[in-house]
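Remarks on the overall topology
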Amino acid sequence: MTGADSCGSHHCVTCGDDGVPMTVVLVDEARGLALCEDADGTRATVEIALVGAVAPDDNLLVHAGTALTRLEHAA
């Protein structure tokens, strides 16, 4: 296996860190930021430029303070 398959889909091959699934709590569209919360309840400000418009309850994969992609809601 190579690339993302060998490390898991949430693993950064560049720096070795893991992406963190987070849920959007609040959005500041003017600044391109969202307040997000992880599964443990820890909140962080996240840049959202790479994923476009987001709304509360959207799930994002966050790495180094930047949302990289949207995640599907768990069924």
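These figures come from a predicted structure and were not determined experimentally.

1. Some words on the nonpolar core
By size, the foremost hydrophobic cluster in this structure holds 11 residues: Met22, Val24, Ala34, Cys36, Val46, Ile48, Val51, Val54, Leu60, Val62 and Ala67. For this core, the secondary structure elements donating two or more residues are strand E1 (20-28), strand E2 (33-37) and strand E4 (59-63). Setting aside its immediate chain neighbours within four residues, Ala67 contacts Val46, Glu47, Ile48, Leu50, Val51, Leu60, Leu61 and Val62.

2. Details of the pattern of salt bridges
The full count for this structure, using the stated rule, is three salt bridges. One salt bridge connects Glu37 with Arg43, and the closest N-O pair in it is separated by 2.9 Å. We classify Arg43 as partly exposed; its relative accessible area is 47%. For the salt bridge of Asp58 with Arg70, the shortest nitrogen-to-oxygen distance reads 3.2 Å. With a gap of 12 residues between them, Asp58 in the loop between strand E3 (43-47) and E4 and Arg70 in strand E5 (residues 66-71) connect regions that are remote in the sequence.

3. What about the side chain of Thr66?
One can find Thr66 in strand E5. Of the residues examined, Thr66 reaches a relative accessible area of 17% and is grouped as buried. In contact with Thr66, other than residues within four places in its own chain, are Val46, Glu47, Leu50 and Leu61.

4. A look at the confidence of the model for the protein chain
Within the protein chain, residue pLDDT values average 84, and 75% of them lie at 70 or more. Segment residues 1-7: pLDDT under 50, and three contacts once partners within four positions in sequence are set aside and those in other chains are kept.

5. A word on the pairing of E2
As paired strands, E1 and E2 are joined by five bridges and run antiparallel to one another. Bridging across to E2, Leu26 finds its partner in Leu35. Connecting the antiparallel pair E1 and E2 is a turn made up of four residues, with Gly32 showing a positive phi of about 70 degrees. Between the end of E2 and the start of E3, which pair antiparallel, lie five residues, with Gly41 showing a positive phi angle near 90 degrees.

Procedures and definitions
- Residues numbered from 1 in each chain as written.
- Predicted model: local features only at pLDDT ≥ 70, side-chain atom pairs only at ≥ 80, totals over all residues.
- Heavy atoms only, no water.
- Core = buried A, V, L, I, M, F, W, Y, C linked by side-chain atoms within 4.5 Å.
- Buried < 20%, exposed > 50% of the residue type's maximum accessible area, 1.4 Å probe, protein only.
- Helix = DSSP H or I, 4+ residues; strand = E, 2+ residues; numbered from the N terminus.
- Contact = heavy atoms within 4.5 Å.
- Salt bridge = Lys/Arg side-chain N within 4 Å of Asp/Glu carboxyl O.
- pLDDT = per-residue confidence, 0-100.
- Pairing = 2+ DSSP bridges.

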